2 protein chains.
Amino acid sequence: MTYSELTAFIRSQRSFLCVGLDTDLRRVPQHLLADEDPIFAFNRAIIDATAPYCVAYKPNLAFYETYGVKGWAAFERTVDYLRRNHPRHFIIADAKRGDIGNTSTMYARAFFEDLDVDALTVAPYMGRDSVEPFLGYEGKWVVLLALTSNKGSADFQLTEDADGTRLFERVLQTSQDWAGEDQMMYVVGATQGERFADIRRLAPRHFLLVPGVGAQGGSLQDVCRYGMTDDCGLLVNSSRGIIYADATPCFAEAAAAAARALQQEMETELLKRGVIAA
Amino acid sequence: MTYSELTAFIRSQRSFLCVGLDTDLRRVPQHLLADEDPIFAFNRAIIDATAPYCVAYKPNLAFYETYGVKGWAAFERTVDYLRRNHPRHFIIADAKRGDIGNTSTMYARAFFEDLDVDALTVAPYMGRDSVEPFLGYEGKWVVLLALTSNKGSADFQLTEDADGTRLFERVLQTSQDWAGEDQMMYVVGATQGERFADIRRLAPRHFLLVPGVGAQGGSLQDVCRYGMTDDCGLLVNSSRGIIYADATPCFAEAAAAAARALQQEMETELLKRGVIAA
């Protein structure tokens, strides 16, 4: 998906919500466990219920790998279902990969050729040649970790170099030589509040993938105040707050209501900042 | 596997070789493609041929994920085969994972409970709470990226902070508060030569997992000169140089010969430094 297709879809949906598919069989409604593929059955119901209110889905690979072969099969079915039934929705495989060149090439092939997702999260620690193999696919995106939402983000990401540049800032600066805003996004945690202003000084137009609203305590209003661009420039993710809104047989309706509530807050922000018209 | 079990096995094998199982169906002998599980058929032959000469195996997850469900099944069969037939060999899942706490917990469960590998490679960028979920398993290890073998390692890992500490040194220092040398190893590329001396000043006894000998051009002698401890303290990986030594039906014999040649070089180094006796 191109930058302009993504921004057009955000405007038509009046939403920049990404629904995180962190599907955990210990938390899904118990009646689904009788299904032959309960992970996919849950995802399909969540997807169909929330699709009108979001623009992206983000399956978190850890939750699929933990179920081994069955988990991978459910992940593949989920991507295939999205591609067939909701082809305008952006799919982010949240895998945080990144390795030496020949290994990253194998990961790129897995996610962008065999699976056909739109984007993959990638860790920057190993540098340019670990990221470049993901950048050889037109319309496919790297979502590079910059400043994450967890407490441990302070351990290394905030380290200042001799010039006073923090590591996350160095990642933002250096990686802009690798690709432009049409192929690169950055992960910035919603819990980082005013640091969004620092991010926007270095990456004024790039899309930011923002986890951490909801269960992790980040504020949607702060994220928009400091992070929204003229084209929105944000994909705000919510996982647990939507997909586990309810564990009864009405779970999909509850997920839809939770997604719709976030969409409405997002529409207000998009209107307030002139990204869409009333 | 405990630290003392690992060092005892290195002494009895007179080797610190780790064989990297980067299995790529475009490079395996073509007669294997007729097998119903060619990835596993290749791995089993390589394992049985090289087991006398090595102490560890390192399947690289990218190479399995690229084949989707079939690749995951082959990965699981490989781990299971090693556990049953070569129970003293150390198994490292080279996955370079690391995410927020609840996600790392899922990865830890996948690799340490369901699959029962001994160690997992982990990226440090997200800090302490992204690594700690992997440290809750007795006898299981985190292999943290410190200074990698690729050119891009210079992009961020060598950045100096205001005190002149480079990022890889900060990773070594900070992470030693998280676990000791009985649960933590570090990835240091063989191409880093004299920087092994800097590593050993900060981590005098930790095991180092060393990729980059062979195809990537690192020197085994330099690695041993600067990196070997009284307990060896090294696992040196070779992937392509062993498993693709030959693409004929005699591939397993060629892999054995390549592994044996490295084992003999390693035995010389272990003798020279008094880790084993003649």
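These numbers were taken from a predicted model, which means no experiment stands behind them.

The rules behind the values
Residues numbered from 1 in each chain as written. Chains lettered and ligands numbered in written order. Predicted model: local features only at pLDDT ≥ 70, side-chain atom pairs only at ≥ 80, totals over all residues. Helix = DSSP H or I, 4+ residues; strand = E, 2+ residues; numbered from the N terminus. Rg over C-alpha atoms; globule rule 2.2 N^0.38 Å. Buried ≥ 20, exposed ≤ 12 C-beta atoms within 10 Å, placed from the backbone. Pairing = 2+ DSSP bridges. Axes fitted to C-alpha atoms, helices over the stretch in contact; angles between N-to-C directions. Contact = placed C-beta atoms within 7 Å. Nonpolar A, V, L, I, M, F, W, Y, C, P; charged D, E, K, R; others polar. Expected span 1.5 Å × (residues − 1). Arc of directions from axis to C-beta. Least-squares fit on C-alpha atoms with pLDDT ≥ 70 in both. Parallel < 35°, antiparallel > 145°, perpendicular 65-115°, else oblique. Left-handed = near helix turned anticlockwise from the far one by under 90°. Right-handed = clockwise from strand over helix to strand, strands pointing away.

**Observations concerning the overall build of chain A**
- Secondary structure assignment for chain A yields twelve helices and eight strands.
- Relative to a compact globule of 278 residues, whose C-alpha radius of gyration would be 19 Å, chain A shows 18 Å and is just as compact.
- Over its C-alpha atoms, taken along the principal directions, chain A stretches across nearly 60 × 50 × 35 Å.
- When each of the 278 residues of chain A is scored for burial, the buried share is 56%.

**Structural notes on the sheet that holds strand β7 (residues 208–210) of chain A**
All names here are of chain A.
- Pairing is parallel in the closed barrel, where eight strands are placed in the order β1-β2-β3-β4-β5-β6-β7-β8. Neighbouring strand axes in the sheet, compared pairwise and without regard to direction, differ in orientation by 30° on average.
- Note that strand β4 (residues 119–122) and strand β5 (residues 141–147) share four bridges and pair parallel. Looking at β5, one finds that Val122 is bridged to Leu144.
- Set on the sheet, helix α8 (residues 167–175) makes contact with β5 and β6 (184–188); between it and β5 the angle comes to about 150°.

**A closer look at the environment of Asp198 of chain B**
- Checked against the element boundaries, Asp198 of chain B lands in helix α9 (residues 195–202).
- Along the backbone, Asp198 of chain B and Tyr226 of chain B are 28 residues apart, and their C-alpha atoms lie at a distance of 8.9 Å.

**What about the interface of chain A and chain B?**
- Contact with chain A, which involves 49 residues of that partner, is made by 49 residues of chain B.
- Listed by contribution, the elements that provide at least two residues to the side of chain A that touches chain B are α3 (61–65), α4 (68–85), β3 (90–97), α5 (101–114), α6 (128–131), α7 (153–156) and α8 of chain A.
- For the side of chain A that touches chain B, the element with the most residues is α5 of chain A, which contributes seven residues.
- Grouping the amino acids of the side of chain A that touches chain B by side-chain chemistry returns 19 nonpolar, 16 polar and 14 charged.

**Notes on α4 of chain A**
- Given a rise of 1.5 Å per residue, 18 residues ought to cover 26 Å, and the 26 Å separating the end C-alpha atoms of α4 of chain A matches this to within 8%.
- Residues of α4 of chain A that are buried include every one of Gly71, Trp72, Ala74, Phe75, Thr78, Val79 and Leu82 of chain A, and no others. Relative to the axis of α4 of chain A, the buried residues are bounded by an arc of 160° and lie together on one face. Facing away from the buried side of α4 of chain A by more than 90 degrees, the exposed set consists of Arg84 and Asn85 of chain A.
- Those residues of α4 of chain A hidden inside the fold are in contact with β1 (17–21), α2 (38–50), β2 (56–59), α3 and β3 of chain A together with α4 (68–85) of chain B.

**Details of the relation of the copies chain A and chain B**
- Rotating chain A by 180° and translating it 0.0 Å along the rotation axis places it on chain B, where the RMSD comes to 0.0 Å. What the superposition gives is, in effect, a two-fold axis relating one chain to the other.
- Taken together, the interface assignments show that 100% of the residues at the interface of chain A recur at the interface of chain B, consistent with an identical surface on both copies.

**Some points on the pairing of β5 of chain A**
Residue and element names in this part refer to chain A.
- Across the seven residues that make up β5, a large majority, seven, are buried.
- One ladder, built from five bridges, connects β5 with β6; its direction is parallel. Following the sheet pairing, Val142 is matched in β6 by Met184.

**Observations concerning the sheet that holds strand β5 (residues 141–147) of chain B**
Residue and element names in this part refer to chain B.
- Judged by pairing direction, the barrel is parallel, and its eight strands sit side by side in the order β1-β2-β3-β4-β5-β6-β7-β8 before closing back on the first. Taking each pair of neighbouring strands and ignoring which way they run, the sheet shows an average axis angle of 30°.
- Bridging between strand β6 (residues 184–188) and strand β7 (residues 208–210) involves two bridges; their strand directions are parallel. Note that in β7 the partner of Tyr186 across the bridge is Leu208.
- Where α4 meets the sheet, its contacts fall on β1 (17–21), β2 (56–59) and β3 (90–97), and the angle it forms with β2 comes to roughly 170°.
- Helix α12 (residues 251–272) contacts β1 and β8 (234–238) of the sheet and is inclined by roughly 150° relative to β1.

**Describing the packing of helix α2 (residues 38–50) of chain B against α4 of chain B**
Residues and elements named next belong to chain B.
- Two elements in contact, α2 and α4, have axes whose closest approach is 9 Å; the angle formed by their N-to-C orientations is 25°. Considering the angle they form, α2 stands roughly parallel to α4. The handedness of the crossing between α2 and α4 is right-handed. Of the residues in α4, those touching α2 at Ile39, Phe40, Asn43, Arg44 and Ile47 are Gly71, Ala74, Arg77, Thr78, Tyr81 and Leu82.
- For the contact of α2 with α4, the class distribution of residues is six nonpolar, three polar and two charged.

**Some details on helix α12 (residues 251–272) of chain A**
All names here are of chain A.
- Helix length check: α12 (22 residues) gives 32 Å between terminal C-alpha atoms against 32 Å at 1.5 Å per residue, within 8%.
- Of all the residues in α12, the buried ones are Phe251, Ala252, Ala255, Ala256, Ala258, Ala259, Leu262, Gln263, Met266, Glu269 and Leu270. For α12, the angular spread of the buried residues around the axis is 165°, confining them to a single face.

**Quick look at the pairing of β4 of chain A**
All names here are of chain A.
- Both faces of β4 are covered, namely the face carrying Ala119 and Thr121 and the face carrying Leu120 and Val122.
- Across three bridges, the pairing between β3 and β4 is parallel. Within the sheet, the bridge partner assigned to Arg97 lies in β4 and is Val122.
- For the segment spanning β3, α5 and β4, crossover handedness is right-handed.

**Observations regarding the environment of Asp24 of chain B**
- One can find Asp24 of chain B in the loop between β1 and α2.
- On the basis of neighbour count, Asp24 of chain B is assigned to the partly exposed category, with 19 C-beta atoms found within 10 Å.

**Comments concerning unusual backbone geometry**
- Its identity as a non-glycine residue notwithstanding, Lys96 of chain A has a phi of 50°, on the positive side.
- Considering the arrangement of structural elements, one finds Lys96 of chain A in strand β3.
- Residue classification places Lys96 of chain A among the buried positions, given that 28 C-beta atoms sit within 10 Å.
- In this structure, Arg14 of chain B takes a positive phi of about 55° despite not being glycine.

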